[in-house]
Structure formats: C-alpha cells, structure tokens
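One letter stands for each residue in the lines below.
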Amino acid sequence: MKKILFILSFTIPLFIIFISCSEINKDLPAAPEINIHKAGIKDPNSPNFHGRLVASTDWTMVECKKCHGADYKGGIITEANGNCFTCHTQSAGPEACNTCHGDFADPTKIAPPRALDGSIISSSRGVGAHVKHLYAGNNGKKVLCNECHIIPASFLSEGHLDNNPRSEVIFGSFSKTLTNESDTRDYDYSLPLFSPNPSYDYENNSCANTYCHGYFKNGNLDNIVSFTSGSEGGKCGSCHGNKDTGDPLPKTQQQGGSHPSLVSGITCQSCHPTVVAFINGKYEIIDSSKHINGLLNIFDQERNY
Ligand code: HEC
Ligand code: HEC
Ligand code: HEC
Ligand code: HEC
Ligand code: HEC
Ligand code: HEC
C-alpha cells in the first residue's frame, strides 16, 4: 500500500499508475480518464484546480470517490490530503448545495451567482435575474426555486446532473395562476379565462406567457422578458400598462380591457392602498409581499378577485 500511495502522489498519467496497481492489488478501481494530480489542484486560479476537474468529468464526482472514498473522507488514500472535508466542512462535504453554484461562503445561497462557469454578473446566462427573484430589494413577492426548477432532493437525484449540461427551467404553479373575466377568482368558467402557458427560450434567455410578467386579465399578455438584460422586466408598464411610457395603468375599457380609468384626483393608491403609493412624482411598491402574489389586492382586501 505504501508503494501505491508513493506512486499516486506524483503527477503521472493514470494508465501507468494502474498498470502498477493492478500488479499489486486487483481490487483497485478502474482507471479514470484523468491524471492525478497536476500542480494547482488546490489553487482556484489554476487551470488544474480540482473544481475544473470535476466540471470536466460531468460534475458527478464519481471518479473522485474511487480514490477519495464514497464518503470523500480519504478512501484508499491514507495520507491526510485525501480528505475533502478538510476544506469542504459542511455535513454534505463537497456535495453541499452551494459548492458548485451559489455563494461558496454562504450555505443559504445556493442559486447563482456564482454560476457554474464562475460568472457573477447578471448579463451572464447562468446568473441572470436570480437575485431579483429570490432575495430582497425587488418589486414583488419572493419567488421560490421550485417555481422555475425542480429541486433535486439530493445531489445524485434524477434530473439534477443529467446529460444536458444546461439547467432545466421547469415552471411551477405560480407562473400559471389563472385570472378571468369575472371580478372574483371564484372562477366562473363560462367567462373567458386567462390561462398562462409559460415557456422559457434557451436561445434568447427569455420568458413568455407567465402570469408574473403580464399574462393576466388586463395585463400585457404578449410580454416577453429577458432573464439577462438587467432591470427592464421590473419596470412599471412592463407587465401591465404601457412599456414605453412606464405608465402602469392596466388595460381600460377604452383599450379593450376592463380596468377603471383614472379620473382627476384619483391615483392607484386610492383603490390599491396596501400595495402602491405615489411618492415624489412616481409610483412605488410599498409592500412587495402584496405585489405579484397571485391575488388581487384591492382596498384593504387581498382576494382571489
Ligand atoms: C485545500 C482545500 C480543499 C480541498 C482539500 C478540497 N477542496 Fe474542493 N474546493 C475548495 C475551494 C476553496 C473551492 C471553491 C473555489 C472557488 O471557486 O472559489 C472548492 C470547490 C470545489 C468544487 C466546485 C467546483 C466548481 O467549479 O464550482 C467541487 C465540486 C469540489 N471543490 C470538490 C472537491 C472534492 C471532491 C474534494 C476531495 C476530493 C475537494 N473538493 C477537496 C477547496 C478544497
Ligand atoms: C486515482 C486516484 C485519485 C483520483 C481518481 C482522484 N484523486 Fe484526488 N488525490 C489523490 C491522491 C493520492 C491525493 C494526495 C496526493 C496529491 O495531492 O497528489 C489526492 C489529492 C487531492 C487533492 C488535494 C487534497 C489536499 O488536502 O491536499 C484534491 C483537492 C483532490 N485530490 C481532488 C480530487 C478530485 C476533485 C477528484 C475527482 C475529479 C480527484 N481528486 C480524483 C488521488 C486521486
Ligand atoms: C424566476 C425563475 C428562476 C428562479 C426562481 C430560480 N431560477 Fe435558477 N435559473 C433560471 C433561469 C432562467 C436559468 C438559466 C437557464 C439557462 O438558460 O441555461 C437558471 C439557471 C440556474 C442554474 C444553472 C446556472 C448555470 O451556470 O448554468 C442553477 C444551478 C440554478 N438556476 C439554480 C437555482 C436555484 C438553486 C434556485 C432557488 C434558490 C433558482 N435557480 C431559482 C430561472 C430561475
Ligand atoms: C458538484 C457540483 C454540484 C453540486 C454539489 C450541486 N449541484 Fe446543482 N447543479 C450542478 C450542475 C452541473 C447543474 C446543471 C446541470 C444540469 O442540469 O444537468 C445544476 C443544476 C441545479 C439546479 C437547476 C435545475 C437543474 O437541475 O438543472 C438546481 C435547482 C440545483 N442544481 C440544486 C442543487 C441542490 C439542491 C444541491 C444540493 C443537494 C445541488 N444542486 C448540488 C452542479 C451541482
Ligand atoms: C414583473 C411584472 C410586473 C411589474 C414590473 C409591475 N407589476 Fe404590478 N402587478 C403585476 C402582477 C402579476 C399583478 C397582479 C395581477 C393579478 O393578480 O391580477 C400586479 C398588480 C398590481 C397592482 C394591483 C394591486 C395588486 O397588487 O394586486 C398595482 C397597483 C400594481 N401592480 C402597480 C405596479 C406599479 C406601480 C409598478 C411599477 C413600480 C408595477 N406594478 C410593476 C406585475 C407587475
Ligand atoms: C377606482 C379604483 C381603482 C383605481 C384608481 C386603480 N385600480 Fe387597479 N383595479 C381596480 C379594480 C376594480 C380592479 C379589478 C378589475 C377587473 O378585474 O376588471 C383592479 C385591478 C388591477 C390590476 C390587476 C389586473 C386587472 O385589471 O384585473 C392591476 C395590475 C391594477 N389594478 C393596477 C392599477 C394601477 C397601476 C393603478 C394606478 C395607475 C390602478 N390600478 C388604479 C380598481 C382601481
């Protein structure tokens, strides 16, 4: 065993190692398609950093486990430097949900940024508008991961690391919230129903037909919103009202809708006081938990219409 480890700790092609290994012990794992280990295995700035190695071997870490152990605690490597937990100190070790995406320093932040390729800027495909949807400082109720993805129960759950290297955007129920011509959401199915059929365009990184971005009664049904183009999609007028002027007033009768028109002295907050206020010449959402929350918030009520 000593001899094997001596050989292993050098940077040499694996086939040589495994020729030597197989001469000594037939139970050792089959040769993985990597070299162990080039200089820089521990240096995040090196092209040989072990994170890149994991990415280049389909992310599953199956190869790593062959030597470092199924529990990542050393396996066949008897030296102290076989244990991944030396640095990956969470109970799941390198399988912790913020290891490969999210904030490596904060286990509560598992969504990008950081994206899988290391990007942290929102114009990058994998980062996009995650922060705006998930955390504070936005105009609407926080959106959970499962409204856009299926969350894997564990690291090797089906659908997580699949053959497709891109993540899958699979919409949950919120983006499909129904609204209809009646004023209540006790649906009167005899009236026309706005039934969103959300879709994600992997080429343009954009969403269409979502309740959240306009597919509701008097909303902007044909609004297509980019995940990566900054704050456009969050501006007044984008999801309801006029995109160009930023006026959020939904379609009124004159525009083929049914929302009341504004008369002098009346502002949005006259009828939607829990949601919006007119401050310093512009509308502001005063309680984001009540905006884009699947309900119509009118007067002091929060109702299913
Ligand atoms: C010497 C400390 C150290 C050891 C030991 C270590 N890691 Fe890491 N690992 C890190 C650091 C630090 C990062 C994050 C680097 C960054 O992106 O800033 C990381 C990142 C990763 C990533 C994320 C890759 C990516 O590109 O997002 C994976 C996967 C990983 N390690 C797996 C392992 C496995 C498996 C082992 C054991 C075989 C291991 N690590 C041992 C320090 C270590
Ligand atoms: C064929 C066996 C083998 C395979 C497969 C293997 N390693 Fe290693 N690894 C070793 C040995 C032996 C050491 C200790 C000697 C050294 O540093 O080269 C080591 C050391 C490391 C270290 C440095 C740990 C420290 O504390 O200094 C990291 C990080 C690491 N491996 C990550 C990985 C990752 C990630 C994978 C999977 C992509 C992997 N290894 C696959 C044998 C292997
Ligand atoms: C509003 C919808 C939305 C929500 C909510 C959301 N995501 Fe995403 N996510 C996306 C989109 C869009 C992409 C980009 C897909 C693409 O084009 O490759 C993405 C990509 C990703 C990726 C792959 C990143 C890359 O580098 O390719 C990961 C990982 C991910 N999301 C995890 C999460 C996690 C974890 C959560 C919850 C904490 C979450 N997402 C919440 C829409 C969302
Ligand atoms: C070793 C790296 C790694 C670890 C650890 C990891 N993921 Fe991922 N995750 C990925 C990769 C790679 C993708 C995108 C690839 C794909 O979809 O095939 C991804 C995608 C995702 C997505 C987007 C939807 C999807 O499946 O495409 C979610 C949500 C997610 N991961 C959640 C988690 C959770 C929860 C954990 C912890 C149980 C976790 N991840 C741990 C690498 C990792
Ligand atoms: C991301 C899309 C989006 C943007 C941007 C947006 N809204 Fe909304 N807004 C909605 C949705 C969705 C509803 C709920 C519609 C429903 O359920 O019938 C809504 C409802 C409202 C309501 C009715 C009260 C309520 O919450 O039920 C007011 C008032 C309102 N928005 C004002 C604004 C103002 C002011 C702005 C700009 C600061 C704005 N909205 C920007 C999507 C948006
Ligand atoms: C006079 C009261 C009144 C005023 C003022 C008012 N609303 Fe409404 N709002 C309503 C009523 C009633 C509904 C339900 C309309 C329906 O279902 O036909 C509604 C619904 C909405 C909806 C959900 C979509 C819809 O039309 O059902 C949004 C978004 C909205 N209002 C935004 C605004 C904004 C933005 C303003 C200010 C520019 C505003 N409202 C001013 C009474 C008002």
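Reading the values: rules and limits
Just so you know, the residues in each chain are numbered from 1, in the order the chain's sequence is written. Labels follow written order: the first chain is A, the first ligand is 1, and so on. Two thresholds apply to this predicted model, a pLDDT of at least 70 for residue-level local features and 80 or more for giving and counting side-chain atom pairs, whereas whole-chain, interface and lining totals are computed over all residues. Side-chain metrics rest on all non-hydrogen atoms present in the structure, leaving aside hydrogens and water. Helix numbering and strand numbering both begin at the N terminus, where a helix is a DSSP run of H or I of at least 4 residues and a strand a DSSP run of E of at least 2. Think of it in three bands: residues with accessible area under 20% of the maximum for their type are buried, residues over 50% are exposed, and the middle band is partly exposed, with areas taken using a 1.4 Å probe on protein chains only. For this analysis, residues touch if any pair of their heavy atoms sits within 4.5 Å. For the accessible areas, the method is Shrake-Rupley and the probe is 1.4 Å, while residue cover comes only from the protein chains on display. Coordination here is defined by N, O and S atoms within 2.8 Å of the metal (3.2 Å for Na, K and Ca), and since water is not considered, a site can look incomplete. Geometry is assigned from donor-metal-donor angles: four donors are tetrahedral when every angle falls between 85 and 135 degrees, four are square planar and six octahedral when opposite donors sit over 155 degrees apart with all other angles between 65 and 115, and any other arrangement is irregular. Consider each residue's heavy atoms; a residue with any of them within 4 Å of a molecule or strand counts as near. Polar contacts, as used here, are pairs of N or O atoms within 3.5 Å; protein pairs need one atom able to donate a hydrogen and one able to accept it. Residues neighboring in sequence count only if both atoms are side-chain atoms. Three residue categories are used. Nonpolar comprises Ala, Val, Leu, Ile, Met, Phe, Trp, Tyr, Cys and Pro, charged comprises Asp, Glu, Lys and Arg, and polar comprises the others, including Gly. Nonpolar cores are built from buried Ala, Val, Leu, Ile, Met, Phe, Trp, Tyr and Cys residues. Side-chain atoms within 4.5 Å join them into one set. We define a salt bridge as a contact between a side-chain nitrogen of Lys or Arg and a carboxyl oxygen of Asp or Glu at a distance within 4 Å. Whether two strands pair comes down to DSSP finding at least two bridges between them. Here, axes are lines fitted to C-alpha atoms. For helices the fit covers the stretch in contact, and angles between N-to-C directions go from 0 to 180 degrees. Using a 1 Å grid laid over the protein atoms alone, points where a 1.4 Å probe fits but cannot get out form a cavity; open sets with protein on both sides within 12 Å along at least 5 of 7 lines form a pocket; any residue with an atom within 4 Å of a point counts as lining. Grid points are joined across faces, edges and corners, and a volume is the space filled by probe spheres set on the points.

K.L.:
Any chance you could break down the overall build of the protein chain for me, citing the residues and the numbers?
P.N.:
Along the backbone of the protein chain there are six helices and nine strands. Here the protein chain, with 305 residues, has 35% of them falling under the buried criterion. Considering only contacts in the protein chain between residues 6 or more positions apart, those separated by 24 or more positions represent 33%. Carbon and sulfur atoms provide 57% of the accessible area of the protein chain, an area that totals close to 18,300 Å².

K.L.:
Go over the coordination of the iron atom of ligand 3, please, and point to the residues and values.
P.N.:
Protein ligation of the iron atom of ligand 3 involves His130 (NE2) and His149 (NE2), the donor distances falling in the range 2.0 Å. Taken together, the six donor atoms coordinating the iron atom of ligand 3 and their angles of 87 to 179 degrees define a geometry best described as octahedral. Of the two residues, His130 sits in helix H5 (residues 130–134) while His149 sits in the loop between H5 and strand E1 (179–180), which places them 19 residues apart along the sequence. Look at His130 and you get buried, because its relative accessible area is 13%.

K.L.:
Can you explain the site of ligand 1? Please cite residues and give values.
P.N.:
Around ligand 1, the surrounding shell holds 16 residues, and the nearest of these are His50, Cys84, Cys87, His88 and Arg114. In this structure, His50 approaches ligand 1 through a side-chain N or O atom, which is 2.7 Å from a nitrogen atom. Measuring from an oxygen atom of ligand 1, one finds a side-chain N or O atom of Arg114 at 3.3 Å. By residue number, the principal contributor to the shell around ligand 1 is helix H3 (residues 50–56), which donates three residues. Its residues placed into classes, the shell around ligand 1 shows nine nonpolar, five polar and two charged.

K.L.:
Just give me the short version of the coordination of the iron atom of ligand 6, but keep the residues and values in it.
P.N.:
Within the protein, His259 (NE2) and His272 (NE2) serve as the donor atoms for the iron atom of ligand 6, at 1.9 to 2.0 Å. Each of the six donor atoms around the iron atom of ligand 6 contributes to a set of angles spanning 89 to 180 degrees, which defines the coordination as octahedral. Remark: His272 occurs in the loop between helix H6 (268–271) and strand E6 (276–279) and His259 occurs in the loop between strand E5 (224–226) and H6; sequence separation between them is 13 residues.

K.L.:
Tell me about the nonpolar core, and please be specific about residues and values.
P.N.:
By size, the foremost hydrophobic cluster in this structure holds six residues: Val54, Met61, Tyr72, Cys84, Phe85 and Phe155. When residues no more than four places from it in sequence are discounted, the contact partners of Tyr72 are Met61, Lys65, Gly82, Asn83, Cys84, Phe85, Pro94, Glu95 and Phe155. Judged by nonpolar contacts, the second largest core, of five residues, contains Val169, Phe171, Tyr200 and Cys207.

K.L.:
I'd love a proper account of the pattern of salt bridges, names of residues and values included.
P.N.:
Opposite charge on two side chains lets them pair, provided their charged atoms get close. Scanning the entire structure with this criterion turns up five salt bridges. Of the charged contacts, one joins Glu63 and Lys66 as a salt bridge, the two residues approaching to 3.3 Å between their closest N and O atoms. With a gap of three residues between them, Glu63 and Lys66 both fall in helix H4 (residues 62–68), about one helical turn apart. When its relative accessible area of 25% is taken as the criterion, Glu63 is described as partly exposed. With relative accessibility at 32%, the residue Lys66 sits in the partly exposed group. When the shortest N-O distance is used, the salt bridge between Asp287 and Lys290 registers 3.3 Å. Of the residues examined, Asp287 reaches a relative accessible area of 23% and is grouped as partly exposed. Among the residues examined, Lys290 registers a relative accessible area of 24% and is labelled partly exposed.

K.L.:
Let's hear about the sheet that holds E5: which residues, and what values?
P.N.:
Ordered in space as E3-E4-E5, the three strands form an open sheet in which the pairing is antiparallel. This sheet does not close on itself; its edge strands, each paired only once, are strand E3 (199–201) and E5. Mean inter-strand twist for the sheet, computed between neighbouring axes without regard to direction, equals 25 degrees.

K.L.:
With reference to specific residues and values, describe the side chain of Asn220.
P.N.:
Topologically, Asn220 is positioned in the loop between strand E4 (206–208) and E5. Given the relative accessible area of 11%, Asn220 is considered buried. Here Ser238 takes part through its backbone oxygen, which lies 3.0 Å from a polar atom of the side chain of Asn220. Here Asn220 is in contact with His213, Gly214, Tyr215, Gly237, Ser238, Cys239, His240, Gly241 and Lys251, once residues within four sequence places are set aside.

K.L.:
Go over empty space enclosed by the protein with me, naming the residues and quoting the values.
P.N.:
In the structure shown here, the tally under the stated rule is one cavity of 30 Å³ or more. When its volume is computed, the largest cavity comes out at roughly 30 Å³. In terms of lining, the largest cavity is formed by Ser122, Gly128, Ala129, Lys132, Phe227, Thr228 and Gly230. Across the lining of the largest cavity, the residue classes break down as two nonpolar, four polar and one charged.

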